[in-house]
Amino acid sequence: MRDRPVGLDERDLTAALLDGWGITAGDLAYLPVGAGSYHWAAGPWFVKVDDLGVDSPSRVFEDLRRSLTVALRLGLACVVAPVVAVDGSVVRRLGDRFAVAVFPLVAGVAGEFGPHRAEDLGEVARVLAQVHGATPAVVDLAPRADLRLPGRGGLEEALRVVEVPWTGGPYAERGRAVLRRHAGLVRDWLAEFDQLVAGVRGTSAGWVVTHGEPHPGNVLRTADGLRLIDWTTVQIAPAERDLWMLGEGLEEYTAVTGQVVSPVGIALYRRWWVLADVAAFTADLRGPHGAGRDSAAALRYLSGYFER
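Residues numbered from 1 in each chain as written. Predicted model: local features only at pLDDT ≥ 70, side-chain atom pairs only at ≥ 80, totals over all residues. Heavy atoms only, no water.

Applying the stated criterion across every chain, the model contains 19 salt bridges. For glutamate 252, the salt bridge identified is with arginine 126, shortest N-O distance 3.1 Å. With glutamate 252 in helix H9 (residues 250-257) and arginine 126 in helix H3 (residues 121-133), this pair connects stretches of sequence that are 126 residues apart. Judged by relative accessible area, which is 28%, glutamate 252 ranks as partly exposed. (Salt bridge = Lys/Arg side-chain N within 4 Å of Asp/Glu carboxyl O. Helix = DSSP H or I, 4+ residues; strand = E, 2+ residues; numbered from the N terminus. Buried < 20%, exposed > 50% of the residue type's maximum accessible area, 1.4 Å probe, protein only.)

A few words on the pairing of strand E5 (residues 98-104). Moving residue by residue along a regular strand, the side chains alternate between the two faces of the sheet. Burial within E5 is extensive, with six of its seven residues counted as buried. Looking at chain direction, strand E3 (residues 45-51) and E5 are connected through seven bridges and run antiparallel. Directly across from aspartate 51, in E5, lies its bridge partner phenylalanine 98. With three bridges joining them, strand E4 (residues 92-94) and E5 adopt antiparallel strand pairing. (Pairing = 2+ DSSP bridges.)

Packing of H3 against H9 brings their axes to within 8 Å, and their N-to-C directions diverge by 40 degrees. Relative to H9, the element H3 is oriented oblique. For the pair H3 and H9, the sense of crossing is right-handed. Each of Gly122, Ala125, Arg126, Leu128, Ala129 and His132 in H3 lies in contact with H9, whose residues at this interface are Glu252, Tyr253, Val256 and Thr257. Looking at the contact of H3 with H9, its residues break down into five nonpolar, three polar and two charged. (Axes fitted to C-alpha atoms, helices over the stretch in contact; angles between N-to-C directions. Parallel < 35°, antiparallel > 145°, perpendicular 65-115°, else oblique. Left-handed = near helix turned anticlockwise from the far one by under 90°. Contact = heavy atoms within 4.5 Å. Nonpolar A, V, L, I, M, F, W, Y, C, P; charged D, E, K, R; others polar.)

We now examine the packing of aromatic side chains. Taken as a whole and assessed by the stated rule, the structure comprises six aromatic pairs. Each residue in the set Phe193, Tyr269 and Trp272 is aromatic and connected to the rest through ring pairs, giving one cluster. Taking NZ or CZ as reference, arginine 93 lies 5.4 Å from the ring centre of phenylalanine 61, over its face. It is arginine 300 that lies over the ring of tyrosine 301; its NZ or CZ is 5.2 Å from the centre. (Phe/Tyr/Trp six-rings, centres within 6.5 Å; stacked < 30°, edge-to-face > 60°. Lys NZ or Arg CZ within 6 Å of the ring centre and 35° of its normal.)

In this model helix H10 (residues 263-286) runs 34 Å from its N-terminal to its C-terminal C-alpha over 24 residues, within 8% of the 34 Å that 1.5 Å per residue would give. Two or three places before valine 264, at the start of H10, stands the capping residue serine 262, its side-chain oxygen 3.3 Å from that residue's backbone nitrogen. (Expected span 1.5 Å × (residues − 1). Polar contact = N/O pair within 3.5 Å; in protein donor to acceptor, adjacent residues only side chain to side chain.)

This next bit is on the side chain of serine 295. The residue serine 295 is located in helix H11 (residues 293-307) in this model. Judged by its relative accessible area of 15%, serine 295 falls in the buried class. Sequence-distant contacts of serine 295, defined by excluding residues within four places in its chain, comprise Tyr171, Leu285, His289 and Gly290.

As a further point, take the sheet that holds strand E9 (residues 225-228). Within a sheet, adjacent strands bond to each other through the backbone by hydrogen bonds, running parallel or antiparallel. Reading across from one edge, E6-E8-E9 is the order of the three strands in this open sheet, with antiparallel pairing throughout. The outermost strands of the open sheet, each flanked by one partner alone, are strand E6 (109-110) and E9. Sheet topology note: the E6/strand E8 (residues 219-222) ladder contains two bridges and is antiparallel. Bridge pairing in E8 links alanine 110 to leucine 220.

A separate point is the environment of glutamine 235. Mapped onto the elements, glutamine 235 comes out in strand E10 (residues 235-237). Excluding residues that lie within four positions of it along the chain, glutamine 235 makes contacts with Pro143, Ala145, Val208, Val209, Thr210 and Arg241.

Quick look at the sheet that holds E3 now. Across the sheet, five strands lie side by side as E1-E2-E3-E5-E4; this open sheet has antiparallel pairing. The sheet is open, and its two borders are formed by strand E1 (29-31) and E4, each paired with just one other strand. Looking at each pair of strands side by side, their axes are set apart by 35 degrees on average, direction ignored. With three bridges connecting them, E1 and strand E2 (residues 38-42) associate as antiparallel partners.

A negative phi holds for most residues other than glycine; trans holds for most peptide bonds. In the Ramachandran plot, leucine 147 falls in the positive-phi region, its phi being about 60 degrees despite a non-glycine side chain. In this structure, leucine 147 sits in the loop between helix H4 (135-138) and helix H5 (152-160). Not every positive phi belongs to a glycine, and aspartate 230 is a case in point at roughly 60 degrees. Among the structural elements, aspartate 230 can be located in the loop between E9 and E10. Classification of aspartate 230 by relative accessible area gives partly exposed; the value is 23%.

From the geometry alone we can't say anything about function, so treat these as descriptive.
Written out as structure tokens, the structure reads:
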């Protein structure tokens, strides 16, 4: 996130780090990286703050606690797991609105969202095979996919009233214009999505623990190999939820695991990713927002999906 969280005093964050982890964060430095969460460096620690929202903060917090506990329980070297607080928790509340977790600040370089580098595909496939193979350790804890598209209700409502002006902020009307031009295409994508879900639903007996977003931005290249970061989207789901980003790396995954990759599953999650983003960016631009960089990015990314 490029913009700092509104309503969070960094002095409160500093106090929470000291109280929760015994970390004296005198050199706390904001890191404008990633999406969906806010990040700081505090000496050898990477600090992650999530906005729990105002509708169901307790539920969102519990979902976050559960996903980070899964990352810790996996016990894999390729997983950057949270640091346990002094009370044994993996994440702590920070006021009514936020939650804070701490991770080791790993020396490495993350990529950018997009295709994996060709030279990384084999190792990414092997890392995902390790994660999927650890399913028995977390099958009783990790949330299970329900194959519902997040944000679908809001997206369908926006499509129904796409002729009505959006008044949420400075980028609202430009966002509406983009959705209006491509409303028919989005409806076609939703119909295709439903057909693909029908083809995958019966495979649940073979589902595995999945990261959910193993794109290059969530993969650290380190001296000791690749490391997966950001486990907030972990689920028991079809393996293809992770694998659709691999391209030619699918052959390596099959060679390691012996598992045949489903073309229908790959198609489902390729379409899922686009629709989930379109739904999220539509919600951002239709709702209250300011003129910050994150709102501008939402408009740019929404437009980009249709330009491609």
